[in-house]
Number of protein chains: 2
Amino acid sequence: MTSVVDRFREVAEQLTPAEHQLIKQILASPRDVALGTASDLAQSIGVHEATASRLAKKLGYPNYAGFRAAIQEDFIVRTDPAARVRNTLRQGTEAGPLSDLIQQEVEALARLDQYVDDQSLLTAAQTLVAARRVFIFARGNAQALAVLMERRLRRMGRAVTQLGGDGRDIAEQGLGLGSGDALLGFAFRRQPTHYAPLFEHARKAGATTLVISGTVGPSLRPAADHLLFAPRAGGQDAFQTLTVPMAICNALVLAMAKIDPRVSLENLEKLGQLIEAFE
Amino acid sequence: MTSVVDRFREVAEQLTPAEHQLIKQILASPRDVALGTASDLAQSIGVHEATASRLAKKLGYPNYAGFRAAIQEDFIVRTDPAARVRNTLRQGTEAGPLSDLIQQEVEALARLDQYVDDQSLLTAAQTLVAARRVFIFARGNAQALAVLMERRLRRMGRAVTQLGGDGRDIAEQGLGLGSGDALLGFAFRRQPTHYAPLFEHARKAGATTLVISGTVGPSLRPAADHLLFAPRAGGQDAFQTLTVPMAICNALVLAMAKIDPRVSLENLEKLGQLIEAFE
DNA sequence: AGTATGTTGCAAATTAACTTGCATTGAGGT
DNA sequence: ACCTCAATGCAAGTTAATTTGCAACATACT
């Protein structure tokens, strides 16, 4: 039984722009889509309902109703009524901003396993473990994650290069990419400038590419060899945090530590403490 | 806005046997009813679909669609994080590394509000809002958070300086600290080298100090003027993530946006998107 | 420029879902 | 036993949702 998200991934290559938008919208507010009609979905992003209907078929469902049923199955949680009532009552106690934030983060984290599974994580980790050198590409807020990953990878004995600066800088630094290297990219709200040429180059140079991203993930062109994506906490136009993608990063590091014979998790942390004590 | 259950109660007296059965069924499996059609519901207990349609009217809804929408609103939880995690973990035979990680993070986040409250957050935010310049001090993995905060504060129009490099560098950069400035520090496993002299200097220079930290927080010497701390996910000697402190950072930024008249949250994000589109 | 290919909106056709008038049934009252 | 009336099913009618052929448009490739 293939999950909806899996199907998105499978056909991501063959999707049209309008279909990408649709999927993005579904990922962004699955509940509303699961409860609404094809027209609702189409209208919410301003395409024709026919396009929604066609997307359902393209994804392998017999019709839109079947597609919606699958979305419901995957995204609408089954809860026993008793637990639900308890939950609702608990929320009622005048939350406060911090609790709201925490709640959002927790919700987003809880949904993470809808989008990323252990297998794809493992595959991605293998890529990084096998890589001779790792190049990291991140813009905007994602740079915080780039810094994090750079440190962690360094500590595991990887040669790491951050690709930064303007287009020319990135181009120059990216020239080093070759077969046996890996390119790790981050992308959130939209496809970053310089993404396309950089990943194009990586592909031609024979480097493996890996992207960690938010809902844009599936619409990135060219697609990376490995994609790990999940929607972030907070609404589309609201304050969005890096909690979810950071969890992906952490999981990735854990997976690497597990399969890389050179480092055990304990050593990793001991070494980390040692380094921090001296630096 | 009356809830569905309330309406059941109100009209309970005037209901026919078939209608009673229907309501019983709705209460027994609200999810299925909320996602299904009038016929589905009717068939599930062996009455005619027309009866379901009539029940909706009797309960005061304009039609069955309106009735179902109300059921969805009341019973399909917008978000059900805790249950979701529990579910995932329960059903999985040997949950898998990703779920383990997620669960740890969620638990740690859930505990966060035992350590940090809205009031101290607000006070800390005021400090940063009022500061002329903000200096950031972070070592090790915390640098990822420093990068994050630097970007966010910059975007809010603050003058920000990262204190990096070796002892001498930090000393030189820290000399700029004066009255009206704020020093934001991060500390996790232990008190960082250079922490003591730097914060000592800040105090003498009349700068306000703020520390975001893990469990070491309370044992830092000298103590900062404001301390926000909470234990991180994972055991003491295990792999520890930055999720919890990052949540504190995010909450802090949110609090700042709320009290700083110069920035609204929306503007902040809009601006952010704009910047990212151009950079 | 011209052509082939693919994408999307439009609108008509189809299908599913829901509503309602009418007929049947059965319970309670005369 | 007969009548009345509410409850329910039936089926035709109505409305909403979905599908699909077609044309317009865009794009990439001669």
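Looking at an unreviewed UniProt entry, one finds chain A named RpiR family transcriptional regulator and attributed to Devosia nitrariae.

A. A look at the pattern of salt bridges. A full pass over the atoms with the stated rule returns twelve salt bridges over all chains. Across the pair B:K58 and B:E19 runs a salt bridge, and its minimum N-O distance is 2.9 Å. Within this pair, whereas B:K58 is found in helix α5 (residues 49–58), its partner B:E19 is found in helix α2 (residues 17–28), the two being separated by 39 residues in sequence. With relative accessibility at 36%, the residue B:K58 sits in the partly exposed group. Judged by its relative accessible area of 6%, B:E19 falls in the buried class. By sharing partners, the salt bridges in this structure join A:R132, A:R133 and A:D181 into a single network.

B. Molecular detail of the protein's contact with DNA strand C. If you check the shell around DNA strand C, you find 19 residues, and the closest are A:T16, B:A38, B:S53, B:K57 and B:N63. Backbone atoms, meaning sugar and phosphate, form 66% of the atoms of DNA strand C found within 4 Å of the protein. At 2.9 Å from a phosphate oxygen of DNA strand C is found a main-chain nitrogen or oxygen belonging to A:A18. Measuring from a phosphate oxygen of DNA strand C, one finds a backbone N or O atom of B:Y64 at 2.8 Å. Split by residue class, the surface near DNA strand C holds seven nonpolar, seven polar and five charged.

C. Here's a closer look at the packing of helix α2 (residues 17–28) of chain A against helix α5 (residues 49–58) of chain A. Residues and elements named next belong to chain A. Direction vectors running N to C along α2 and α5 enclose 85°, while the axes themselves pass 10 Å from each other. When the interaxial angle is binned, α2 and α5 end up roughly perpendicular. Contact with α2, carried on its side by A18, E19, L22 and I23, involves T51, A52, L55 and K58 of α5 and no other residues of that element. Looking at the contact of α2 with α5 residue by residue, the class counts come to five nonpolar, one polar and two charged.

D. Region of interest: the protein's contact with DNA strand D. In the vicinity of DNA strand D, 20 residues are found, and the nearest of them are A:A38, A:S53, A:K57, A:N63 and B:T16. Taken together, the sugar and phosphate atoms account for 64% of what DNA strand D places within 4 Å of the protein. Here a phosphate oxygen of DNA strand D sits 2.7 Å away from a polar atom, N or O, in the main chain of A:A38. With respect to DNA strand D, the side chain of A:K57 contributes an N or O atom lying 2.2 Å from a phosphate oxygen. Counting only elements with at least two residues in the surface near DNA strand D, the list comes to α4 (38–45), α5 and α6 (64–75) of chain A together with α2 and α5 of chain B. Per element, the largest residue contribution to the surface near DNA strand D is five residues, and it comes from α5(A). For the surface near DNA strand D, a count of residues per class yields seven nonpolar, eight polar and five charged.

E. Quick look at the sheet that holds strand β1 (residues 133–137) of chain B. All names here are of chain B. Spatially, five strands are ordered β2-β1-β3-β4-β5 in an open sheet, and the strand pairing comes out parallel. Two strands in the sheet have a free side with no partner beyond their single neighbour: β2 (159–163) and β5 (226–229). Along the sheet, successive strands turn relative to each other by an average axial angle of 20°, direction set aside. Across the face of the sheet, helix α13 (residues 243–259) comes into contact with β3 (182–187), β4 (208–213) and β5 while running at roughly 140° to β4.

F. Expanded view of unusual backbone geometry. With a phi close to 75°, A:H194 is a non-glycine residue in the positive phi region. Tracing the backbone shows A:H194 in the loop between β3 (182–187) and α12 (195–205).

G. Representation of helix α8 (residues 97–115) of chain B within the structure. For α8(B), with 19 residues, the first-to-last C-alpha span of 27 Å sits near the 27 Å given by 1.5 Å per residue. Residues of α8(B) that are buried: B:L98, B:S99, B:L101, B:I102, B:E105, B:V106, B:A108, B:L109 and B:L112.

H. Region of the structure containing the sheet that holds strand β4 (residues 208–213) of chain A. Residue and element names in this part refer to chain A. One open sheet holds the five strands; their spatial order is β2-β1-β3-β4-β5, and the pairing between them is parallel. Only two strands of the sheet have a single neighbouring strand rather than two, namely β2 (159–163) and β5 (226–229). Here the strands of the sheet are splayed against their neighbours by 20° on average, with no regard to which way each runs. As paired strands, β3 and β4 are joined by six bridges and run parallel to one another. When the bridges of β4 are listed, G185 appears paired with V211. Contacting β3, β4 and β5, helix α13 (residues 243–259) crosses the sheet at an angle of about 140° to β4.

I. Representation of the packing of helix α8 (residues 97–115) of chain A against α13(B) in the model. One can describe the packing of α8(A) onto α13(B) by two numbers: an axis separation of 10 Å at closest approach and a directional angle of 135°. Between α8(A) and α13(B), the angle is such that the two are oblique. The hand of the α8(A)/α13(B) crossing is right-handed. Contacts from A:P97, A:L98, A:L101 and A:E105 in α8(A) reach B:A247, B:N250, B:A251, B:L254 and B:K258 in α13(B).

Definitions and cut-offs
- Residues numbered from 1 in each chain as written.
- Chains lettered and ligands numbered in written order.
- Predicted model: local features only at pLDDT ≥ 70, side-chain atom pairs only at ≥ 80, totals over all residues.
- Heavy atoms only, no water.
- Salt bridge = Lys/Arg side-chain N within 4 Å of Asp/Glu carboxyl O.
- Helix = DSSP H or I, 4+ residues; strand = E, 2+ residues; numbered from the N terminus.
- Buried < 20%, exposed > 50% of the residue type's maximum accessible area, 1.4 Å probe, protein only.
- Near = heavy atom within 4 Å.
- Polar contact = N/O pair within 3.5 Å; in protein donor to acceptor, adjacent residues only side chain to side chain.
- Nonpolar A, V, L, I, M, F, W, Y, C, P; charged D, E, K, R; others polar.
- Axes fitted to C-alpha atoms, helices over the stretch in contact; angles between N-to-C directions.
- Parallel < 35°, antiparallel > 145°, perpendicular 65-115°, else oblique.
- Contact = heavy atoms within 4.5 Å.
- Pairing = 2+ DSSP bridges.
- Expected span 1.5 Å × (residues − 1).
- Left-handed = near helix turned anticlockwise from the far one by under 90°.

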